[in-house]
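For reference, the chains in residue letters:
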Amino acid sequence: MPTGPSATSPGAPGRWRAGDSFLSMWRELAPLGRHPDSGGYRRYAWSAADLDCRAWFRAQAEARGLAYETDRNGNQWAWLGDPLAGDAVVTGSHLDSVPDGGAFDGPLGVVSSFAALDELRRREVVFTRPLAITNFGDEEGARFGLACVGSRLAAGQLTVADAHRLRDADGTTLPAAMEQAGYDPGAIGPDPERLARIGAFVELHVEQGRALDLTGDPVGIASAIWPHGRWRFDFRGEANHAGTTRLVDRRDPMLTYAETVLAARREAELTGALATFGKIAVEPNGVNAIPSLVRGWLDSRAADQATLDAVVTGVERAARQHAERAGIDLDVVRESFTPVVEFEHALRDELGKILEGAGDTGRPVPVLGTGAGHDAGILSASAPTAMLFVRNPTGISHSPAEHAAEDDCTAGIEALADVLEGLACS
């Protein structure tokens, strides 16, 4: 299964106009945290694989003579110019992954940031504003169940008390995991002074959909991030013997959970939204035991808040109706929520002008919305933010089959370099 551009071909000499370093960086990063059986990545926050990725980031920063630092929340920064000068242009993404995720979601943005800097140095541009490359920690939320932990903490959208309550499946708390990894959990919290240094944040990301493939464009600009959230449904019944308990005597929460999964699909189809039960925990989790508890997590997203409210309300209503008929107790807890993010129009339009002027066709770069959350969305409340998307020919993401072609990765690096030149070198 390909893990990136370097997995399919070594690349012809001179082919990579936008940064000869891209392929070598990609090859170095590709093995880190990759599972030998699935071919996917398991780069969970504060794990050994995550620490390997962090070490890789630091090595790339130091190899380029950038000033490296880790902030109070474990986010990594690599600076060109004076960090305290303010009005900095910042780019980057994340290196952690979902369970058995693909190679591109997050890492493409980080590797492309270093490659874009290399390209700008090749062009011998003169920087008039500080430039920084970042790796935000725990963007995917695969370990502790909350996405964008590093950026949420920095932006004050996650309280220290709530962060301390985060636990992984083994019961390890976030502070304990950070301490085991050699970081100080006592320092976490809002970081307004650092965020105030940012004049513009631009995140490049592989598209998690097929909009660009359908238009035939290698690169696009984000317009907005749909509102989205995660809800935990706890269905409590009665544990019993699977081989001796009559069907009429059972209080089986698995049946109610299954009905709710089907209801989520129906509600999503009716409203034009997205609703997914993708994670489940069962107690006692025995083949020959009727469950006492089925815990399922709903991920739902929609183009607007009213539609999101409608689909989640519909799913919960159906779940309660099925639970009442089956004698099942139900608790629903909203674990995270991100409102709609409209990226700043002035910065978005400026990116469009830069890329249209730099392109060969002279036609506008497509602008598209997305249902996927990103650190750029979290930071948008604290600083002007924008996003670039690189074409994904199949639209598959959060899977080892996630992919972007070499030429499209090159186009993404060139676009990011053009944007950074337009913003930081003018």
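Our subject is the structure listed above.
These numbers were taken from a predicted model, which means no experiment stands behind them. (Residues numbered from 1 in each chain as written. Predicted model: local features only at pLDDT ≥ 70, side-chain atom pairs only at ≥ 80, totals over all residues. Heavy atoms only, no water.)

**Q** Break down the pattern of salt bridges for me, with residues and values.
**A** Within the structure shown, the criterion is met by 24 salt bridges. Of the charged contacts in the structure, one is a salt bridge between arginine 122 and glutamate 119, with a shortest N-O distance of 2.7 Å. You can see arginine 122 and its partner glutamate 119 sitting in helix H4 (residues 107-123), three residues apart, about one turn around the helix. Across the pair aspartate 299 and arginine 301 runs a salt bridge whose closest N-O atoms are separated by 2.7 Å. Residue arginine 301 is classed as buried on the basis of its relative accessible area, which comes to 16%. It is possible to trace a salt-bridge network through shared partners that takes in Glu119, Arg122, Arg123, Asp418 and Glu421. (Salt bridge = Lys/Arg side-chain N within 4 Å of Asp/Glu carboxyl O. Helix = DSSP H or I, 4+ residues; strand = E, 2+ residues; numbered from the N terminus. Buried < 20%, exposed > 50% of the residue type's maximum accessible area, 1.4 Å probe, protein only.)

**Q** Explain the state of the cysteines to me, and be specific about the residues and the numbers.
**A** Applying the stated rule across the entire model yields zero disulfides. No disulfide involves cysteine 53; its nearest neighbouring cysteine sulfur is the one of cysteine 148, lying 17 Å away. Distance from the sulfur of cysteine 409, which forms no disulfide, to the nearest cysteine sulfur (cysteine 53) is 17 Å. By relative accessible area, which is 1% here, cysteine 409 ends up buried. (Disulfide = S-S within 2.5 Å.)

**Q** Please give an account of the packing of H4 against helix H14 (residues 406-424) that cites residues and values.
**A** Where H4 contacts H14, the two axes come as close as 8 Å, and the packing angle between them is 60 degrees. Taken as axis vectors, H4 and H14 run oblique relative to one another. Judged by the twist between their axes, the crossing of H4 over H14 is right-handed. Side by side, H4 and H14 meet where Leu108, Ser112, Ser113, Ala115, Ala116, Glu119, Leu120 and Arg123 of the first sit next to Cys409, Ile413, Glu414, Leu416, Ala417, Asp418, Leu420 and Glu421 of the second. (Axes fitted to C-alpha atoms, helices over the stretch in contact; angles between N-to-C directions. Parallel < 35°, antiparallel > 145°, perpendicular 65-115°, else oblique. Left-handed = near helix turned anticlockwise from the far one by under 90°. Contact = heavy atoms within 4.5 Å.)

**Q** How would you summarise helix H12 (residues 345-358) if you had to cite specific residues and measurements?
**A** The end-to-end C-alpha separation of H12 is 20 Å, in line with the 20 Å expected for 14 residues at 1.5 Å each. Buried residues of H12: Leu347, Arg348, Leu351, Gly352, Ile354 and Leu355, and no others. The arc enclosing the buried residues of H12, seen along the axis, measures out at 165 degrees, which places them on a common side. In H12, the exposed residues that point more than 90 degrees away from the buried face are Ala346, Lys353 and Gly357. Buried positions along H12 lie against strand E5 (198-206), strand E6 (219-225), strand E13 (341-342), strand E14 (367-370), strand E15 (385-390) and H14. (Expected span 1.5 Å × (residues − 1). Arc of directions from axis to C-beta.)

**Q** Any chance you could break down the packing of helix H3 (residues 48-63) against H4 for me, citing the residues and the numbers?
**A** Remark: H3 packs on H4, axes separated minimally by 11 Å, with the N-to-C direction vectors making an angle of 10 degrees. Put simply, H3 runs roughly parallel to H4. Only Val110, Val111 and Phe114 of H4 make contact with H3, whose side of the interface consists of Trp56, Phe57, Gln60 and Ala61. Its residues assigned to classes, the contact of H3 with H4 comprises six nonpolar, one polar and no charged. (Nonpolar A, V, L, I, M, F, W, Y, C, P; charged D, E, K, R; others polar.)

**Q** I'd like a description of the environment of glutamate 28, backed by residues and values.
**A** Among the secondary structure elements, glutamate 28 is positioned in helix H2 (residues 21-29). You can call glutamate 28 partly exposed: its relative accessible area is 45%. Sequence spacing of glutamate 28 and leucine 420 is 392 residues, and the spatial spacing of their C-alpha atoms is 25 Å. Those residues in contact with glutamate 28, other than ones at most four positions away along the chain, are Trp56 and Gln60. Among the polar contacts made by the side chain of glutamate 28, one reaches the side chain of glutamine 60 at a distance of 3.1 Å. (Polar contact = N/O pair within 3.5 Å; in protein donor to acceptor, adjacent residues only side chain to side chain.)

**Q** If you had to explain the side chain of glutamate 267 to someone new, which residues and values would you point to?
**A** Tracing the backbone shows glutamate 267 in helix H10 (residues 253-271). Within the buried set, glutamate 267 has no salt-bridge partner at all; the shortest N-O distance to an opposite charge, 4.5 Å, is to arginine 317. Not counting residues up to four positions away in its chain, the partners in contact with glutamate 267 are Ala310, Val311, Gly314, Val315 and Arg317. (Lys, Arg positive; Asp, Glu negative; His and termini not counted.)

**Q** An account of the nonpolar core is requested, with residue identities and associated values reported.
**A** In terms of nonpolar packing, the biggest core is built from 55 residues, with Phe22, Trp56, Leu108, Phe114, Leu351 and Leu388 touching the most fellow members. With ten residues, H14 is the single largest residue contributor to this core. For leucine 108, the contacting residues outside a window of four places in its chain are Phe22, Trp26, Leu204, Val206, Val390 and Cys409. (Core = buried A, V, L, I, M, F, W, Y, C linked by side-chain atoms within 4.5 Å.)

**Q** Tell me about the packing of aromatic side chains, and please be specific about residues and values.
**A** Think of a pair of aromatic rings as described by two things: how far the centres are apart, and how the planes are tilted against each other in angle. Taken as a whole and judged by the stated rule, the model has 13 aromatic pairs. When the centroid spacing of 5.6 Å and the interplanar angle of 15 degrees are considered together, the rings of phenylalanine 22 and tryptophan 26 count as stacked. One end of the pair is phenylalanine 22 and the other is tryptophan 26, both in helix H2 and four residues apart, which spans about a single turn. Take phenylalanine 22: its relative accessible area is 0%, and that puts it in the buried class. (Phe/Tyr/Trp six-rings, centres within 6.5 Å; stacked < 30°, edge-to-face > 60°.)

**Q** Could you give an account of the sheet that holds strand E7 (residues 228-236), with specific residues and numbers?
**A** Across the sheet, four strands lie side by side as E9-E11-E7-E12; this open sheet has antiparallel pairing. Among the strands making up the open sheet, the edge pair consists of strand E9 (274-283) and strand E12 (329-338). Strand-to-strand, the axes of this sheet are offset by a mean angle of 20 degrees, without reference to chain direction. Pairing of E9 with strand E11 (residues 293-301), which is carried by nine bridges, proceeds in the antiparallel orientation. Residue pairing across strands places lysine 279 opposite tryptophan 297, the latter belonging to E11. Along the sheet, H10 contacts E7, E9 and E11; its crossing angle with E9, the most-contacted strand, is approximately 170 degrees. (Pairing = 2+ DSSP bridges.)

Interpretation in functional terms is not warranted from these geometric data alone.
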